[in-house]
Amino acid sequence: GIQVEQSPPDLILQEGANSTLRCNFSDSVNNLQWFHQNPWGQLINLFYIPSGTKQNGRLSATTVATERYSLLYISSSQTTDSGVYFCAVVGMDSNYQLIWGAGTKLIIKP
Amino acid sequence: DSGVTQTPKHLITATGQRVTLRCSPRSGDLSVYWYQQSLDQGLQFLIQYYNGEERAKGNILERFSAQQFPDLHSELNLSSLELGDSALYFCASSGAGSYNEQFFGPGTRLTVL
């Protein structure tokens, strides 16, 4: 089945810094989503982005489907951005289920 | 707030017991998905229902079962619980299209002692 790899696994930054999180996937996808899991365990939808580029405030994402990767950009980081960022995909043969990467754990220091 | 509700938020029980987790999807969503997040396995898909019918099955144990009712809410039943079943269980819902965005509930944290 499809494999999803995220990098880096851990990232520690000072408040105000910018960061780029990467998601590689091994096959074509029908759906790609980015999530933020906050310290309380909630999964928050960030982007639904099987292809193209989207922006939402300080966050933006780009998926290059032909090269099988997606990037999540966080600018001017705030402490509330801390948590784990997950990339999840629905592959062509994944029966609608999201296949998850292992996540990037982001810590923003004040 | 995603619009997906899950109850209870926390559940503590003993090995061998049975529990039921409940999920109400966003208004208008016909698909409901169940996922398990454990420390050692990460996030894994369990099962999907679409308008009352089972649509896809993932790594769901035989001790677990689910159903979706006519009002579209769903229940996940976990029986003969083991210590390893301790996890965060998420419900998600999506619209009528096959690959629509999935929206997640707040989760139910299950602890088996």
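## Remarks on the state of the cysteines
Joining two cysteines, a disulfide is a covalent bond between their sulfur atoms. All names here are of chain B. Counted according to the given criterion, the structure contains two disulfides over all chains. Between the sulfur atoms of C23 and its disulfide mate C91 the distance is 1.8 Å. Because the torsion about its S-S bond is -50°, the bridge between C23 and C91 counts as left-handed. Within this pair, whereas C23 is found in strand β3 (residues 19-24), its partner C91 is found in strand β9 (residues 87-94), the two being separated by 68 residues in sequence. The two residues C23 and C91 agree in class, both being buried.

## Description of the packing of aromatic side chains
The full count for this structure, using the stated rule, is 10 aromatic pairs over all chains. Here the aromatic rings of F35(A) and W100(A) are separated by 5.0 Å at their centres, their planes lie at 35°, and the arrangement is tilted. With F35(A) in strand β4 (residues 29-37) and W100(A) in strand β10 (residues 99-100), this residue pair connects regions lying 65 residues apart in the sequence. Here the two residues F35(A) and W100(A) agree in accessibility, since each one is buried. Ring centres of Y35(B) and F45(B) lie 5.6 Å apart, and the angle between their planes is 65°; this geometry places the pair in the edge-to-face category. Of the two residues, Y35(B) is situated in strand β4 (residues 31-38) and F45(B) in strand β5 (residues 42-50); the sequence distance between them amounts to 10 residues. With a relative accessible area of 0%, Y35(B) lands in the buried category. Over the aromatic face of Y50(B) sits the side chain of R55(B), whose NZ or CZ is 4.4 Å from the ring centroid.

## Points about unusual backbone geometry
Across the junction of S7(A) and P8(A), the peptide omega takes the value -10°, indicating a cis bond. Structurally, the position occupied by P8(A) is in the loop between β1 (4-7) and β2 (10-14). Of note, the amide linkage connecting T7(B) to P8(B) takes the cis form, showing an omega dihedral of -10°. Its place among the elements puts P8(B) in the loop between β1 (5-7) and β2 (10-13). In this structure, S80(B) takes a positive phi of about 45° despite not being glycine. With respect to the secondary-structure elements, S80(B) resides in the loop between β8 (74-78) and β9.

## Concerning the sheet that holds β8(B)
Residues and elements named next belong to chain B. Taken in spatial order, the four strands line up as β1-β3-β8-β7 in an open sheet, and their pairing is antiparallel. Both outer strands of the open sheet, β1 and β7 (64-68), are each paired with one neighbouring strand and no more. On average, adjacent strands in this sheet sit at an angle of 15° to one another, irrespective of strand direction. Bridge count for β3 against β8 is five bridges, and the pairing is antiparallel. Looking at β8, one finds that L21 is bridged to L76.

Basis of the calculations
Here the residue numbering is sequential within each chain, running from 1 through the sequence in written order. The lettering of chains begins at A and the numbering of ligands begins at 1, in the order of writing. Since the coordinates come from a predicted model, pLDDT governs what is reported: local features require at least 70, and pairs of side-chain atoms require 80 or more to be given and counted, while whole-chain, interface and lining totals use all residues. For side-chain calculations, the full set of non-hydrogen atoms in the structure is used, while hydrogens and water are omitted. The term disulfide is used for any two cysteine sulfur atoms that are within 2.5 Å. Working definition: helices are DSSP H or I runs of at least four residues, strands are E runs of at least two. Numbering for both runs from the N terminus. Buried, partly exposed and exposed residues are distinguished by accessible area as a fraction of the type maximum, computed with a 1.4 Å probe on protein chains only: under 20%, between the cut-offs, and over 50%, respectively. Note on aromatic contacts: the rings of Phe and Tyr and the six-membered ring of Trp form a pair at centre separations within 6.5 Å, being stacked when their planes are under 30 degrees apart, edge-to-face when over 60 apart, and tilted otherwise. The criterion for a charge sitting over a ring is simple: Lys NZ or Arg CZ within 6 Å of the ring centre, and within 35 degrees of the ring normal. Strands pair, by our definition, only if DSSP identifies at least two bridges between them. Orientation is described by axes fitted as lines to C-alpha atoms, over the contacting stretch for helices, and by angles from 0 to 180 degrees between their N-to-C directions.

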